[in-house]
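A closer look at the structure
What follows is the residue order along each chain.
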Amino acid sequence: MAGRAADSTVLAGARVVLPTGTVEDGRVTVEGTRISGSAPEGARTIDLSGHWVVPGFVDMHNHGGGGASFTSGTVDEVLTGIGTHREHGTTTMVASTVTGEMDFLARRAGVLSELVEQGDLAGIHFEGPFISPCRKGAHSEELLRDPDPADVRKLLDAARGTARMFTLATELPGGIDSVRLLAEHGVIAAIGHTDATYEQTVEAIDAGATVATHLFNAMPPLAHRDPGPIAALLEDDRITVELINDGTHLHPAVLELAYRHKGAGRVALITDAMDAAGFGDGEYQLGPLAVEVTDGVARLVEGGSIAGSTLTLDTAFRRAVTLDDIPVEDVVRSISANPARLLGVYDRVGSLEAGKDADLVVLDEDFVLKGVMRRGEWIIEPKTA
């Protein structure tokens, strides 16, 4: 059925990044909530000359924003956090939890699953409690536990089919069996907050693990006689690595190392954001732990460990292109297409193709965000001359 001109918008004149490459002086037609292959006569045209149009960002690891926590906030607070990240270009996102009591996490899964079912979230990511006390980062050590498959199944059941990823220290008792359980249910088993050896990491990958949770962070460093998990995660094409490109978690040379070894098709840029993202410096809680945010860097009050980030994906995108010299097309794969594929939603989002949701971001020539559209509705409408 042909679209109606009143429901159609043509974005014209921009550099448009498609799966096949960048189109100069490109056009994207939006009809209703979706991208269309053609525009009806009389459709509204917006001239975006001098801009870029890229797919909406997809964040597969995010704990909150706008002052709201996905682990402990009310439904309205979670929606505030989602809205904050949408204003920074993230049109699809997963809600990540932090370590807590099992019953508490099960209850949170029930709350978050409702937001998944109504389309506000793309799923739930459980980061903890099944992680190593040696690499706990900003997680409460007394609440950690081994990844017993029975406990993993409890959270799977509580999420009612909306769990998309679990971060596990797979070297712990029950770790490999839990990886197999998750793989059987079509849920991502991510290796992270781990003290595993190289050999133990290889075993977990062979069992079905497919993601490295924030590679390099919360795991043993690469060593020449004891390569640890990093070498195994970098060398295996079955693994996609998460990277936090905020200038705090990773040195630019390490980011380049990951891209060089994995290729753009196996990198997912994430925020690992906590409440302070898009909100500002101050005192916060990350689960039961107190966090102080100073100059945009979040650290535990006790011990000083980095406690997630205050990153938004528009900043990660701009840094990757302007500071790290990563080609725009590769950044788009890392920030949109790759996480969408991993989350099982690439049929709807993650690229600018006819029939997909009209989720897109408009950037100026300096890669500063100027517009965000989600499902055909402007969250931020670009101002044009």
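Figured I'd write up the structure that's included with this text. (Residues numbered from 1 in each chain as written. Predicted model: local features only at pLDDT ≥ 70, side-chain atom pairs only at ≥ 80, totals over all residues. Heavy atoms only, no water.)

Relative to strand 18 (residues 289-294), strand 17 (residues 282-286) runs antiparallel, the two being bridged by five bridges. Paired with Gly 282 across the two strands is Val 293, which belongs to strand 18. Hairpin connection of strand 17 to strand 18: two residues between the antiparallel strands, including Gly 287 at a positive phi of 60°. The pairing of strand 18 with strand 19 (residues 297-300) spans four bridges and is classified as antiparallel. Looking at the pairing, Val 293 lines up with Ala 298 of strand 19. Count of turn residues in the strand 18/strand 19 antiparallel hairpin: two residues, of which Asp 295 carries a positive phi of about 50°. (Pairing = 2+ DSSP bridges. Helix = DSSP H or I, 4+ residues; strand = E, 2+ residues; numbered from the N terminus.)

Below, the discussion takes up the pairing of strand 12 (residues 163-168). Extensive coverage of strand 12 is indicated by the burial of five of its six residues. By the bridge criterion, four bridges tie strand 11 (residues 124-127) to strand 12 in an arrangement that is parallel. Opposite Phe 126, over in strand 12, you have Phe 166 as the bridge partner. Tracing the backbone out of strand 11, into helix 3 (residues 149-159) and back to the parallel element strand 12 gives a crossover that is right-handed. Regarding the hand of the β-α-β motif, the stretch spanning strand 12, helix 4 (residues 175-184) and strand 13 (residues 188-191) is right-handed. (Buried < 20%, exposed > 50% of the residue type's maximum accessible area, 1.4 Å probe, protein only. Right-handed = clockwise from strand over helix to strand, strands pointing away.)

What follows is about the nonpolar core. By size, the foremost hydrophobic cluster in this structure holds 89 residues, and its most contacted members are Phe 166, Leu 215, Leu 243 and Phe 317. Not counting chain neighbours up to four residues away, the residues in contact with Leu 243 comprise Leu 215, Phe 216, Leu 250, Leu 255, Ala 258, Tyr 259, Val 267, Ala 268, Leu 269 and Ile 270. The next biggest cluster of nonpolar side chains, apart from the first, holds 15 residues, and it includes Leu 11, Ile 46, Leu 352 and Leu 360. (Core = buried A, V, L, I, M, F, W, Y, C linked by side-chain atoms within 4.5 Å. Contact = heavy atoms within 4.5 Å.)

Strand pairs in the sheet, formed through backbone hydrogen bonds, run parallel or antiparallel to each other. The sheet built from seven strands is open, its strands ordered 10-11-12-13-14-15-16 with parallel pairing. Lying at the two open borders of the sheet, with one neighbouring strand each, are strand 10 (95-97) and strand 16 (267-270). Here four bridges tie strand 15 (residues 240-244) to strand 16, and the two strands are oriented parallel to one another. When the sheet's bridge partners are listed, Glu 242 is paired in strand 16 with Ala 268. Along the sheet, helix 2 (residues 102-117) contacts strand 10 and strand 11; its crossing angle with strand 11, the most-contacted strand, is approximately 155°. The sheet contacts of helix 3 involve strand 11 and strand 12, and relative to strand 12 the element is tilted by about 155°. (Axes fitted to C-alpha atoms, helices over the stretch in contact; angles between N-to-C directions.)

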